[in-house]
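# Fold and contact review
Take a look at the letters that make up each chain.
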Amino acid sequence: MSPPKVTNLKIIGDIREGNKVTVTGGTESSSRVQWFKSTYSTLEGENGLDAFGTSKIAKDFRIPLGAVGYFVVAEFTPMTLNGESGESAYVISERAVESKLFFWSKFFSFKVGLNFAVKMKKKCGKYQWSFIDINT
């Protein structure tokens, strides 16, 4: 009997903090999933991956606030019901996690992702949001 395999992995769901995403494409019911975050939009093995936790079972994952600005990565290890495991495969989200921050303040700024900040300022008697590249 050949070891179980992974085909066509995808992360399904809205990539925003607080939302639930699911990894699909694995065929074995007792497979294991480990969730990570990465600053990179492409994968090179386990380089640049930071684990969210130690759970290696849940195919569903609620994105924490600490993931804003990072890409979500799932490591999927297929396993048969009798415990035989196959080769792990990785899948990365198509975009970085976005924030769900929706509250109003007269003087307010916050970081969005790794490269930008948002700042609200009063201009001509009106409040306006501006995006600032924090790397320049």
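Here's a quick rundown of the structure. The structure presented is a predicted model; accordingly, all values stated were derived computationally and were not measured.

Definitions and limits used
- Residues numbered from 1 in each chain as written.
- Predicted model: local features only at pLDDT ≥ 70, side-chain atom pairs only at ≥ 80, totals over all residues.
- Heavy atoms only, no water.
- Buried < 20%, exposed > 50% of the residue type's maximum accessible area, 1.4 Å probe, protein only.
- Helix = DSSP H or I, 4+ residues; strand = E, 2+ residues; numbered from the N terminus.
- Pairing = 2+ DSSP bridges.
- Axes fitted to C-alpha atoms, helices over the stretch in contact; angles between N-to-C directions.
- Core = buried A, V, L, I, M, F, W, Y, C linked by side-chain atoms within 4.5 Å.
- Salt bridge = Lys/Arg side-chain N within 4 Å of Asp/Glu carboxyl O.

## Here we look at the pairing of strand β6 (residues 71-77)
Taken across its seven residues, β6 has seven buried, putting it largely inside the fold. Neither face of β6 is left uncovered, since the one carrying F71, V73, E75 and T77 and the one carrying V72, A74 and F76 both have all their residues buried. Sheet analysis places strand β3 (residues 32-38) next to β6, joined by seven bridges and oriented antiparallel. Looking at β6, one finds that V33 is bridged to F76. Where β6 lies against strand β7 (residues 89-92), four bridges are found, and the strand directions are antiparallel. Residue F76 lies in a different strand from β7, and its bridge partner there is A89.

## Some thoughts on the sheet that holds β6
Overall, antiparallel pairing links the four strands, which are arranged β4-β3-β6-β7 in an open sheet. Every interior strand has two partners, whereas the edge strands, β4 (49-51) and β7, have only one. Neighbour to neighbour, the strand axes of the sheet diverge by 35° on average, direction disregarded.

## Re the pairing of β3
Buried residues dominate β3, accounting for six of its seven residues. Pairing of β3 with β4, which is carried by three bridges, proceeds in the antiparallel orientation. From the neighbouring strand, K37 faces β4, where its bridge partner is D50.

## Some thoughts on the nonpolar core
Ranked by internal contacts, the top residues of the largest apolar core, which has 17 residues, are I11, V21, V23, W35, I63, A74 and V97. Going through the elements one at a time, β1 (6-12), β2 (20-26), β3 and β6 are the ones with two or more residues in this core. Ranked by size, the runner-up nonpolar core spans five residues in total, among them F36, L49, F71 and V73.

## Comments concerning the pattern of salt bridges
Here the idea is simple: oppositely charged side chains can pair when their charged atoms come close. Counting across every chain of the model gives five salt bridges. Between D14 and R16 there is a salt bridge whose closest N-O contact spans 3.1 Å. With relative accessibility at 36%, the residue D14 sits in the partly exposed group. R16 gets classed as partly exposed once you look at its relative accessible area, which sits at 28%. The shortest N-O distance in the salt bridge between D14 and R95 comes to 3.1 Å. Highlighted residues: D14 in the loop between β1 and β2 and R95 in the loop between β7 and β8 (109-112), separated in sequence by 81 residues. Each of the salt bridges in this network shares a partner with another, and the network as a whole consists of D14, R16, R95 and E98.

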